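Read off the chains here:
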Amino acid sequence: MRNDFETFFQLTKEKLENECQTTVDDCTASDVYYAIASIVKNDLIGDWSKTENETNNKSAKKVCYLSMEFLVGRLIENNLINRGVLNIAKETIQELGFEPEEVFMQEPDAALGNGGLGRLAACFLDSLASLRYPACGYGIRYRYGLFQQRIIQGEQIELPDYWLEQRYPWEERKFEEAVSVHFGGTVRTSTHEDGKLQFDYEHTDEVLAVPYDIPITGFDNEFVNTLRLYSAETPSPLGDPVTCEDVAYYHELGHEHDITQISGYLYPDDSSYEGKRLRLKQQYFLVSASLQNMLRSFKENSQRTLNEFHESFAIQINDTHPSLAIPELMRLLMDQERLSWDEAWKITTQTFAYTNHTTLQEALETWPKEMLESLLPRIYMIIDEINERFCQSLWFDYPELREKIPELAIIADDQVKMAHLALVGSFSVNGVARLHTNILKEQEMKTFYTLFPDRFNNKTNGITHRRWLLQINPSLSSLITDAIGPKWIHEPQALIQLLRYANDAPFLQQMDEVKRENKRLLSEYIYQETGMTVDENSIFDVHVKRLHEYKRQLLNVFHILHLYNELKENPQLDVTPRTFIFGAKAAPNYYLAKEIIKFINVVASIINNDPDVRDKLKVIFLENYNVSVAERIIPATDLSEQISTAGKEASGTGNMKMMMNGAVTIGTLDGANIEIRDLVGDENIFIFGLRAEEVQAYHNNGGYMARDLYNTDPRIKRILDQMHNGTFGREERAFKDLYYNLLYHNDPYFVLKDFDAYIETHELVERAYRNRGEWTQMNVANIAYSGKFSSDRTIQEYASQIWKLKPLL
Ligand SMILES: *Cc1c(COP(=O)(O)O)cnc(C)c1O
C-alpha cells in the first residue's frame with residue numbers, strides 16, 4: 001500500500017468498486033469503513049502468517065492467554081496507527097467527503113467483556129504484539145456482547161448487543177481448525193492394552209468449536225498475533241450415521257438451540273457470580289477447544305516431546321473462569337496421549353499460571369458438585385483425584401495443617417472451589433496490584449501462601465499507552481512529542497522527561513489549551529447525546545466504571561447533594577463550577593446498583609433544572625459506558641474519581657488511563673491508587689478516607705455504627721432524609737432501599753464513614769483547581785509518572801518472571 005496518499009486513495013477506490021459495489025461518489029460511511037478495513041486486513045495478512053511461521057520455525061515459546069472476556073472495543077484506528085497509515089487513511093476519508101470519526105464509528109464496539117478484567121486482556125494482547133512476544137488470546141465469540149444500556153426515565157434498560165449484525169471485517173473463520181467438545185454422558189473404565197486404565201466416554205453431546213481469528217497488530221513492527229474466539233456450532237452432519245431418529249431427536253430437544261447458546265451471550269456480571277449451568281458449559285467449551293488447539297499445534301510443529309510441553313506453551317488463566325483448563329489438560333494428556341497421572345501432572349503444573357482479580361467473597365467461583373459431575377463426568381473424576389492427592393499430601397506432609405484440610409480442599413460441602421483448583425494446579429498465582437497481592441498473601445489465601453510461598457507474586461496491572469494516550473488524545477500526544485521527542489511511544493517510561501517542563505510556563509499554557517480543547521470536544525459529544533450544554537470552564541469531575549456498591553458512586557452523589565444543599569442555602573457561595581460526569585452499567589439483576597443509577601439520574605434532573613444552581617453544578621449521566629465512550633471521556637477529565645472502599649478494588653485501570661491523560665486523582669488508598677500516590681507524591685494526588693487495615697479492623701471487631709453518623713452529622717442526616725422524603729420528585733420513600741442499606745445494614749461499604757473526609761478533600765481540590773498554574777503542573781506530573789502503568793511494563797514482568805518468554809526478534 002503504502003505510505004502515500006495516492007496509492008491509498010486508489011486502493012480505497014478499487015475496494016469500494018469491487019467489494020462494496022459502489023463508487024467514490026455514491027459510497028456511504030459504512031462502505032468507506034469496509035473498504036479501509038479491508039485494505040488494512042490485506043496489508044497485514046502476510047505479516048500475520050510470517051509471525052506464526054517464525055514462532056513455529058524457531059520453536060519459540062508462546063503464551064496463551066485464556067479469558068472469558070476480551071473487551072477490545074473498536075480496532076480500526078488502532079490498526080491504522082500500528083500499520084503507520086492513520087494519516088493517509090484520514091486524508092482519504094476526507095477526500096471522500098466524510099469525517100474520520102464518522103467512518104471509524106461504523107465498526108461495532110466489540111464488547112466481549114464486562115469491565116476491567118476484559119479490558120486488561122485486550123491491553124495485554126496489544127502489548128504482547130507490540131513487544132514481539134509470541135502470544136495467542138483464546139476466548140468466546142459471543143453473538144451478543146455486553147448489553148447496550150439505555151436510560152429511560154432515569155432507569156437502566158438493557159438492550160441486546162447484536163454486534164455481529166453487519167459483517168465484522170477483522171475476523172477469519174477457520175473451519176478447518178474446528179474441534180469437538182463433549183458434554184454429559186457417562187465414563188466407562190476398562191484396561192487398555194498398555195496395562196493402564198482406559199476411559200471411554202459414552203452418549204456425550206458433541207459441540208463443534210469453530211475458531212474465528214482476529215489479527216492483533218503490533219505497533220510499528222510487522223508483528224501480528226492472534227485473538228482466537230470460538231463459536232459453538234452443531235456438528236454437521238448430525239453424528240454418523242444420520243438416521244431419521246437422530247434428526248427428530250435433535251429437533252425435539254431443541255438441540256441446535258442449546259448448542260448455539262454456548263456462544264450466545266456474555267454473562268453481564270463480573271464481580272458476583274451467578275450459578276448457571278450454561279456459564280459452566282461456556283467455560284469448559286473455551287478451555288477444551290483452546291487446549292485441543294494447542295496440543296494439535298504442538299504435535300504438528302514442535303520437535304519436542306510432550307514432557308516438554310511447558311517449554312512451548314505458558315498458559316495464563318484470567319481469573320478462575322478458565323480454570324477447568326487444568327483438569328482438561330490432564331484429561332487430554334492421560335486419556336488421549338496415554339501419559340501417566342504423574343507425567344501429566346508434572347506437565348500441567350509447569351504450564352499454568354493463574355491471575356486473581358478480586359477478594360470479594362461473592363465473586364469466588366464455586367460449582368455444585370452434582371452439576372459438574374453430570375455435565376463433565378470425566379473432568380469431575382480428575383478434579384476429585386487432584387483433590388484427593390492434595391488433601392493426602394496435606395495430611396502427610398503438613399501435620400500442623402490437618403485441621404485446616406476441609407477449608408483448603410478443592411471439593412467441600414458438595415461445592416467445587418475453582419480458586420483452590422487454580423492454586424493447586426498452577427506454578428504461579430498473582431494479584432494485580434501490590435496491596436491486592438498482600439491481601440491475598442496475608443488474608444484471603446493465607447494458608448495457601450504458607451504452603452506455596454514461591455507461587456505468589458504481584459503483577460500490577462497496566463493499560464496500553466498506545467490506545468489510551470497516543471490514539472485517543474492526539475493533541476496531547478503531539479505536545480508531548482514536541483517536548484521530549486517520540487521515544488515515549490516505544491518506551492513509555494520516557495514520559496518521565498516531561499518533568500523538565502514542570503515549571504515551563506509556555507509548556508504549561510499549551511497543556512492547559514490541550515485540555516480545554518478536549519473538554520470542548522467532550523462537551524459537543526455530551527450535547528449530541530443528551531441535549532445538555534455544559535460549562536467548558538467547569539471542573540470535569542468524572543466517575544466512569546461499572547456500577548458497584550464498592551466503587552461508591554453513591555459517595556460521589558452525596559458530595560453532589562452536599563454542594564447542592566449548601567448552594568440552596570447560600571446562593572452567593574463562591575464555588576468553582578463543576579460538571580459531574582458518570583458512566584456506568586449495572587448488572588441487570590443487581591438491584592441496589594440499579595437503584596443507584598436511578599438515584600444519580602434523579603439527582604441530575606433536579607440539579608440541572610434548578611435555576612439557582614444550574615450555572616454552578618451540572619450532572620451528566622452518559623449512557624452505555626463502553627470502550628468507545630471511555631475513549632471520548634478520558635482525555636477531557638480534570639478529576640478522576642477512584643473512591644472504592646479501601647481493600648475492595650484489586651487494582652483498577654481506569655485510574656491509570658486518566659492519570660496518563662493528565663487527570664488528577666481523588667481516591668482512597670486502594671488498588672493501584674497506592675502505587676500512583678507513591679510515584680506522584682502526595683502533592684499531586686488527593687487521598688482521603690479509611691485505609692484497608694481500618695476497614696478490615698471494623699469488619700473483624702465492629703465499632704462502626706452508621707446510625708451514629710446520621711444522628712451526629714446534620715449534613716448526612718439531611719441528605720439521607722432527602723433520599724426518601726420525596727425531595728427528589730419520586731414518590732415518598734423512593735430510595736428507601738438505599739437508605740435502609742446505609743442505616744439498617746450499617747453501611748457495608750463505609751460511604752457515610754468516609755463522607756466527611758471526602759467532602760473536605762473536595763474542598764482542597766477546588767482550591768487547587770483555582771490556581772491554574774499549579775493545577776497544570778499536577779497534570780504534567782501525573783502524565784510524567786504514568787509510564788509505569790503502561791501494560792508494556794506489566795507484560796515484560798509477566799514474560800520474564802512468570803512465562804520465561806522471549807521476544808521474537
Ligand atoms: C478501563 C475500563 C474499565 C475499568 O475501569 P475501572 O475504573 O478500573 O473499574 C471498565 N470499562 C471500560 C469500558 C474500560 O475501558
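Residues numbered from 1 in each chain as written. Predicted model: local features only at pLDDT ≥ 70, side-chain atom pairs only at ≥ 80, totals over all residues. Heavy atoms only, no water.

Draft legend 1. Just the overall build of the chain, in detail. A tally of helices and strands in the chain yields 34 helices and 25 strands. What you see for the chain is a C-alpha radius of gyration of 27 Å, in line with the 28 Å of a compact globule of 809 residues. Across its three principal axes, the chain shows a C-alpha extent of roughly 90 × 70 × 55 Å. Out of the 809 residues belonging to the chain, those deemed buried represent 61%. Look at the contacts in the chain between residues 6 or more apart in sequence, and 77% of them connect residues 24 or more apart. (Helix = DSSP H or I, 4+ residues; strand = E, 2+ residues; numbered from the N terminus. Rg over C-alpha atoms; globule rule 2.2 N^0.38 Å. Buried < 20%, exposed > 50% of the residue type's maximum accessible area, 1.4 Å probe, protein only. Contact = heavy atoms within 4.5 Å.)

Draft legend 2. Region of the structure containing the nonpolar core. Formed by 197 residues in total, the largest nonpolar core has its most connected members in Phe285, Leu324, Leu372, Phe448, Leu498 and Trp803. When sequence neighbours within four positions are dropped, the list of residues in contact with Leu372 reads Leu280, Leu324, Trp367, Pro377, Ile379, Tyr380, Ile383 and Val416. In this structure, Ile439, Leu617, Ala646 and Tyr758 belong to the second largest nonpolar core, which totals 72 residues. (Core = buried A, V, L, I, M, F, W, Y, C linked by side-chain atoms within 4.5 Å.)

Draft legend 3. Region of the structure containing the sheet that holds strand β25 (residues 686–687). Reading across the sheet, the six strands line up as β22-β21-β20-β23-β24-β25 and stay open at both edges, with parallel pairing between neighbours. Strands at the two margins of the open sheet, each flanked by one partner only, are β22 (617–621) and β25. As paired strands, strand β20 (residues 539–544) and strand β23 (residues 639–642) are joined by two bridges and run parallel to one another. Among the inter-strand pairings, Asp541 is bridged to a residue of β23, identified as Leu639. Those strands touched by helix α23 (residues 553–569) are β20, β21 (578–583), β22 and β23, and its axis lies near 155° from that of β21. (Pairing = 2+ DSSP bridges. Axes fitted to C-alpha atoms, helices over the stretch in contact; angles between N-to-C directions.)

Draft legend 4. Main features of the site of the ligand. Looking at the ligand, there are 14 residues lining it, with Lys545, Lys551, Thr653, Gly654 and Lys657 nearest. Note that an oxygen atom of the ligand is positioned 2.6 Å from one of the side-chain N or O atoms of Lys545. Between the ligand and the protein, one listed contact pairs an oxygen atom with a backbone N or O atom of Gly654 at 3.0 Å. For the ligand, whose unbound accessible area comes to 390 Å², protein coverage reaches 96%. Secondary-structure elements contributing two or more residues to the shell around the ligand are α25 (627–633) and α26 (654–660). Counted by class, the shell around the ligand contains five nonpolar, six polar and three charged residues. (Near = heavy atom within 4 Å. Polar contact = N/O pair within 3.5 Å; in protein donor to acceptor, adjacent residues only side chain to side chain. Areas by Shrake-Rupley, 256 points an atom, 1.4 Å probe, with all protein chains shown as cover. Nonpolar A, V, L, I, M, F, W, Y, C, P; charged D, E, K, R; others polar.)

Draft legend 5. The domain arrangement of the chain, seen in detail. Each domain of the chain was delimited in the assignment, giving domain 1 (1–58 + 83–102), domain 2 (59–74 + 109–461 + 796–803) and domain 3 (465–789). Measuring from the centre of the C-alpha atoms in domain 2 to the corresponding centre in domain 3 gives 35 Å. In this complex, domain 2 contributes 44 residues to the contact, which on the side of domain 3 involves 45 residues. Counting the surface lost from both domain 2 and domain 3, the interface buries some 3,500 Å², and carbon and sulfur atoms represent 51% of this. When the buried area of domain 2 at its contact with domain 3 is split by residue, Gln149, Phe219 and Leu435 rank highest and sum to 16% of it. (Domains from an automatic or database assignment. Buried area = accessible area lost by both parts, 1.4 Å probe.)

Draft legend 6. Inspection of the pairing of strand β4 (residues 135–140) at higher detail. Most of β4 sits out of view: six of its six residues are buried. Side-chain alternation along β4 places Ala135, Gly137 and Gly139 on one buried face and Cys136, Tyr138 and Ile140 on a second face that is also buried. Here strand β1 (residues 62–66) runs beside β4; their pairing, made up of four bridges, is parallel. Residue pairing across strands places Tyr65 opposite Gly137, the latter belonging to β4. Here β4 runs beside strand β12 (residues 224–233); their pairing, made up of five bridges, is parallel. Directly across from Tyr138, in β12, lies its bridge partner Arg228.

Draft legend 7. Layout of a nonpolar patch on the surface. Nonpolar side chains collect at one region of the surface, where Tyr144, Tyr162 and Tyr265 lie side by side and expose about 260 Å² of accessible area between them. Checked against the element boundaries, Tyr265 lands in the loop between α8 (255–261) and α9 (277–301). (Patch = residues over 30% accessible without salt bridge, like charges linked within 9 Å, V, L, I, M, F, W, Y side chains within 5 Å. Salt bridge = Lys/Arg side-chain N within 4 Å of Asp/Glu carboxyl O.)

Draft legend 8. Structural context of the UniProt feature "modified residue: N6-(pyridoxal phosphate)lysine" (unreviewed entry) in the chain. Taking the numbering used here, the UniProt-annotated feature "modified residue: N6-(pyridoxal phosphate)lysine" (unreviewed entry) corresponds to Lys657. Assignment of secondary structure puts Lys657 in helix α26. Those residues within four positions of Lys657 in sequence are excluded, and the remaining contacts are Arg119, Ile463, Trp468 and Ile634. (UniProt positions renumbered as here; feature names shortened; annotations may be inferred.)

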